Amino acid sequence: MGIGELDREAHVPAGTGAAAAPRTLAEALRARGDEGLAALLRARPDLLSPVPNDLTQLATRAGTRGSVVRALERLDRFTLQTAEALAVAPDPAPYPVLLALLSGDDGDPDIEAALPRAVDALREQALVWGDDDRLRLVRTARELLAPSPQHPSPTGLGPTVSEATAGMSPGRIQEIIAAAGLPATHDPVSAVAALTELFTDRDRMGALLDTAPPDALTVLDRLVWGPPYGEVTANPAPPVRWLRDRGLLLPASTRTVVLPREAALHLRGGRAHRAPEPHAPELSVLREYRPQAVDSAAAGQAYTALATVEELLKGWDQGGPAVLRSGGLSVRDLKRTAGALDVPEPVAAFWLELCHGAGLLASDGEADERYAPTPAYDDWLDLPAAERWAALVTAWLVGTRTSGLVGGQDAKGRALNALGPDLDRGAAPEVRRRILTLQATLEPGAAADPEALLARLRWERPLRGAGRGGSPGDAEPAAGRDASAGTTYGTGTSAAYGSGASGGRSAATGTPPGPGAQTRTDLRSRLALWTLAEAELLGITGRGALASPARALLNLPLAEAATEPVAVHGVELSVAAARAATLLAPLLPEPVDHVLLQADLTAVAPGPLQRPLAHTLSVLADVESKGGATVYRFTPGSVRRALDAGRTASDLHEFLTAHSRTPVPQPLAYLIDDVARKHGHLRIGAASAYVRCDDDALLGEILADKRSASLRLRRLAPTVLASPAEPAALLDGLRAMGYAPAAESAEGDVLITRADAYRTGARTAPVPVPDGPPSPDTTLLGAAVRAIRAGDLASTAVRKERPEGAPAAAGELPRTSPAETLATVQAAAMTGSAVWIGYVNAEGAASQRVIAPVRVEGGFVTGYDHTADEVRTYPLHRITGVAELADDQV
């Protein structure tokens, strides 16, 4: 929609008494204060990309289809119903007319109380403008929401009598008004006006319907709430013929009739919607717990989350599964990971995506690409437990990766794999934050009913249709059948946008959907359900109720509920995470510095171990069971692993003695000494591979062993055996035979291997894919409002007439010679006055500015630029011209 269209749609005839009212949306925005403009830009951030030059450009951009659709999709249900009612109201519509459309003939106190808020919200977002006596819906919104044969109105109303009779022959119109009991007129316009007056007169319309056959009233009942279109045959049934003759059904095509809007409103009692919803559904409480019990349960789950992430990435320390050619993890590897973590596959996918989103896990980028921990994982491990939790939860809260989609298919039928592409959903962060904020409105310790949360979410962001990209006016089929006449009369389309044409009921049956209808089919509802499950896994909630640390993370008050989330940006989010970590830290168990060694070659950790102790013990022993107390088991393989990592037998004895509250059992001491005595006695190097040992008898024993046949060993010297196998394969083969060889370098030194040796290169966490432009912060809003105001001043400033007497056209850049330009800016610099200039930048973009020159020298003019609200320097050769401002503008 262009600027001229904005002006034309707001034209106010002279003499109406509304001279002070805004004539265009741009004028309405110009009358706003800075706070009003900031509220508009905050509610519709897409208008800021880029910052408009002036208010006229802002108004034009606010009326574009894409921006209006985005704004409509972010309205709550009642505000959207208000916009839908305005779309079927006269243009402009007085406030009482709008109220009557929403509350009906009988009125509704709840709607009367809620309507001012809805109108204010529409005004704030520049979807509605004008005073209460002349409310105007922007043209694009009216086109999207108004009824048409192709895209019926979400209200279920059809066209007006005037629209439905357009193109009808004058004779046919006269026949209709005669059958309706109206006197004949001299022209079709007055005939249509008379029929409209009849349908809008409650008493006369009631008298007309009292004469209708019962079957005709049944037909009207089935069409009244939409869809208003129906098919008729060449010889319709008598009830349909009675309605058609009196204009209660008007022809829409050769085989289709429509119920005119005025008649439908009478049958509805004046209401545009079947079920207006002025208030959000109340949140019901499923269970209540003590707040301390909720915090304790959440802290326990938070500790489990940290342990799960560590266990997952520790298993991939030497490199994880391969990356699929199309990206992501294979189904087999996902199953293997779920088995290792002892969780279902969807939960394993969640932990994988969480690690990836937090930047702890990535592909290594090598030719044989595989997944591995990143260097950031080592930094994360060094943090205190509460800060590690805050880092994970922050990444989850703002991330757009959606693990719940894993296992499904994309639009092209391709499988969606964990860690693969196409898992970003821009609505995820908003849904997560809103679900948690709604839970915070309940009393501490109260767990919300999930169905109530979904109902509230659907009211705040009504469901959209699936066709045509979810735009207003999307349709789905619905039909009915006239049983008495045998004629299909109700076939048509009903809007699936907003509240729906059938007012939340099936157009075919007229019955309300079940309580669970559409609960889990749309993306937002699925995101909400996934949010509830994931929040419990992360320890954000405990037993379904929001924990205290989560309130701090959301930047919500700890002692009172908040109805809206507080937007956090950058540093603010880091501060909120630090507050959450501070609250969580006392709730987490303190790390212990000891274990309990037992005679059955196990060690029991009575709690979470300190980081160095846990790291060393994980190398020396294998985890046998997890829970409140972790059980580790010592085996020859685990002891050999510690020796391969550079530890000696004496180091291991000292370590166990220092960290065990019980004496070191004799079987464990014997196990360590026995493995250490054999360890490194054999040396493996590259020949392709060789075995070196000072004990030639031991080498002879290996050669004689039938299990070594696959290694194809041969003796090169009394103390050396050679093999065509790789050194790693030779190591594994001899270890499988029960020996404890050690690898050595080309210089003969023992190679020490560490469990955490492999890491990817430096990787950044995946950048979230937003659902739209991010919400601007206060600083950006202030700067944008100042720039728009200054640009509007430049574009609307009154200039003095040109020397030849012709005024400059609006929006036209001034054109003066270089000498005139120099003389004018020098005079302005001496007098301290402001001038209007045309300027072309280095990219060739032309703009107009209001500047106050302070210095002119060296081919440059320096002055205060009112448009940019700062001092700037401009080359004189890029100034197209200059004009003085009118005296009242200086």
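Since we're looking at a predicted model, the values are computed, not measured.

Draft legend 1. Here's a closer look at the sheet that holds strand β27 (residues 879–884). Strand order in the open sheet made by the five strands is β26-β25-β24-β23-β27, with antiparallel pairing throughout. The sheet is open, and its two borders are formed by β26 (870–875) and β27, each paired with just one other strand. Each strand of the sheet is rotated relative to its neighbour by a mean of 45°, with strand direction disregarded. Its contacts with the sheet place helix α34 (residues 818–831) against β23 (835–840), β24 (846–857), β25 (860–865) and β27, and it is angled at close to 65° to β24.

Draft legend 2. Layout of the packing of aromatic side chains. A full pass over the atoms with the stated rule returns four aromatic pairs. The interplanar angle of 55° and the centroid separation of 5.0 Å between the aromatic rings of F350 and W351 together place this pair among those described as tilted. Given the relative accessible area of 5%, F350 is considered buried. Judged by its relative accessible area of 3%, W351 is buried. Aromatic pair Y839 and Y874: ring centres 4.7 Å apart, planes at 65°, arrangement edge-to-face. Residue Y839 is located in strand β23, and its partner Y874 is located in strand β26; the two are separated by 35 residues in the primary sequence. On the accessibility criterion, Y839 (12% relative accessible area) is buried.

Draft legend 3. Layout of the nonpolar core. Of all hydrophobic cores here, the largest spans 92 residues; its most connected members are L29, L41, L58, L195 and F199. Looking at which element gives the most residues to this core, the answer is helix α6 (residues 77–88), with seven residues. Residues in contact with L29, not counting those within four places in the same chain, are L37, L40, L55, L58, A59, A126 and R789. The next biggest cluster of nonpolar side chains, apart from the first, holds 55 residues, and it includes L306, L334, C355 and L584.

Draft legend 4. Representation of the pairing of strand β15 (residues 602–605) within the structure. Residues T602 and V604 point to one face of β15 and A603 and A605 to the other, with burial holding for every one of them. In the sheet, strand β14 (residues 596–598) pairs with β15 via three bridges, with the strands oriented antiparallel. In the strand pairing of β15, L597 is matched with A603. Taking the residues that link successive antiparallel strands as the turn, the β14-β15 hairpin has three residues, and the phi of L601 there is positive, at about 65°. Looking at chain direction, β15 and strand β17 (residues 630–633) are connected through four bridges and run antiparallel. By the bridge assignment for β17, A605 is matched with T630.

Scoring rules and cut-offs
Residues numbered from 1 in each chain as written. Predicted model: local features only at pLDDT ≥ 70, side-chain atom pairs only at ≥ 80, totals over all residues. Heavy atoms only, no water. Pairing = 2+ DSSP bridges. Helix = DSSP H or I, 4+ residues; strand = E, 2+ residues; numbered from the N terminus. Axes fitted to C-alpha atoms, helices over the stretch in contact; angles between N-to-C directions. Contact = heavy atoms within 4.5 Å. Phe/Tyr/Trp six-rings, centres within 6.5 Å; stacked < 30°, edge-to-face > 60°. Buried < 20%, exposed > 50% of the residue type's maximum accessible area, 1.4 Å probe, protein only. Core = buried A, V, L, I, M, F, W, Y, C linked by side-chain atoms within 4.5 Å.

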